[in-house]
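Summary of the model geometry
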Amino acid sequence: MKRTTAFLTATLLATGTVAAPAFAADTNSSSSAAASSATQNPNFSDSQLENFASASKEIAGISQKYTQQLQGADDQDAQQQVRQKANKEMVQAVKDNDLDVKQFNQIGQAVQNDPQLMQKVQSMAKQQ
């Protein structure tokens, strides 16, 4: 399975939240596909950006919660279980905000590459 490493990076940049390790969600697309797609179509609706901002805030909280659990895990198996739980919750947070993981990652890539878009998303996150 391919992992999208930009999943939380964009989230943390968008919300201005600093968290420890970035967990990645399993998807059917590679991060390069998400990146090229984002640069080809950086025009997202305000609704999509608001959903991204909301999901980003939720994911930042999930990341903090599971980072603490990950640090307390005894072995690699326990760490893997924590990562799987975190990924599941993060994916659900994205879906609960009317996005799929691919859309979330595309917006995240666009946010990383466009400072104005990042400011817009940060502003939306603060207003929520």
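Data block above holds the structure.
Nothing here was measured: the structure is a model prediction, and the numbers come from that model.

Right, let's talk about the packing of aromatic side chains for a bit. We describe a pair of aromatic rings using the distance from one ring centre to the other and the angle between the two ring planes. On inspection of all chains with the given rule, the structure shows 1 aromatic pair. Here F52 and F104 contribute two aromatic rings whose centre-to-centre distance is 4.6 Å and whose plane-to-plane angle is 35°, an arrangement assigned as tilted. You can see F52 sitting in helix α3 (residues 46-72) and its partner F104 sitting in helix α5 (residues 101-113), a full 52 residues away along the chain. Here the two residues F52 and F104 agree in accessibility, since each one is buried.

Here we come to the pattern of salt bridges. Applying the stated criterion to the full structure yields 2 salt bridges. The partner of D46 in a salt bridge is K120, with the nearest N and O atoms 2.8 Å apart. On the criterion of sequence distance, the pair formed by D46 in helix α3 and K120 in helix α6 (residues 115-127) is long-range, its members being 74 residues apart. For D46, a relative accessible area of 42% translates into the label partly exposed. Judged by relative accessible area, which is 37%, K120 ranks as partly exposed. As a salt-bridge pair, K65 and E89 come within 3.3 Å of each other at their nearest N and O atoms. Of this pair, K65 sits in helix α3 while E89 is found in helix α4 (residues 76-96), placing the two residues 24 residues apart along the sequence.

The interhelical angle for the contact between α3 and α4, taken along N-to-C directions, is 170°, at an axis separation of 9 Å. Accordingly, the angle class assigned to the pair α3 and α4 is roughly antiparallel. Where α3 abuts α4, its residues A55, E58, I59, I62, S63, K65, Y66, Q69 and L70 lie against Q79, V82, R83, K85, A86, E89, M90, A93 and V94. For the contact of α3 with α4, the residue count by class is 10 nonpolar, 3 polar and 5 charged.

This brings us to α6. For α6, which comprises 13 residues, the first-to-last C-alpha distance of 19 Å matches the rise-based estimate of 18 Å (1.5 Å per residue) to within 8%. Here α6 has its buried residues at L117, M118, V121, M124 and A125. Down the axis of α6, the buried side of the element spans an arc of 125°, and every buried residue falls inside it. Every exposed residue of α6 that faces more than 90 degrees away from the buried side is listed here: P115, Q116, Q119, K126 and Q127. Where α6 begins, the side chain of D114 points an oxygen toward the backbone nitrogen of Q116, at a separation of 3.0 Å.

Each value, and the rule that gives it
Residues numbered from 1 in each chain as written. Predicted model: local features only at pLDDT ≥ 70, side-chain atom pairs only at ≥ 80, totals over all residues. Heavy atoms only, no water. Phe/Tyr/Trp six-rings, centres within 6.5 Å; stacked < 30°, edge-to-face > 60°. Helix = DSSP H or I, 4+ residues; strand = E, 2+ residues; numbered from the N terminus. Buried < 20%, exposed > 50% of the residue type's maximum accessible area, 1.4 Å probe, protein only. Salt bridge = Lys/Arg side-chain N within 4 Å of Asp/Glu carboxyl O. Axes fitted to C-alpha atoms, helices over the stretch in contact; angles between N-to-C directions. Parallel < 35°, antiparallel > 145°, perpendicular 65-115°, else oblique. Contact = heavy atoms within 4.5 Å. Nonpolar A, V, L, I, M, F, W, Y, C, P; charged D, E, K, R; others polar. Expected span 1.5 Å × (residues − 1). Arc of directions from axis to C-beta. Polar contact = N/O pair within 3.5 Å; in protein donor to acceptor, adjacent residues only side chain to side chain.

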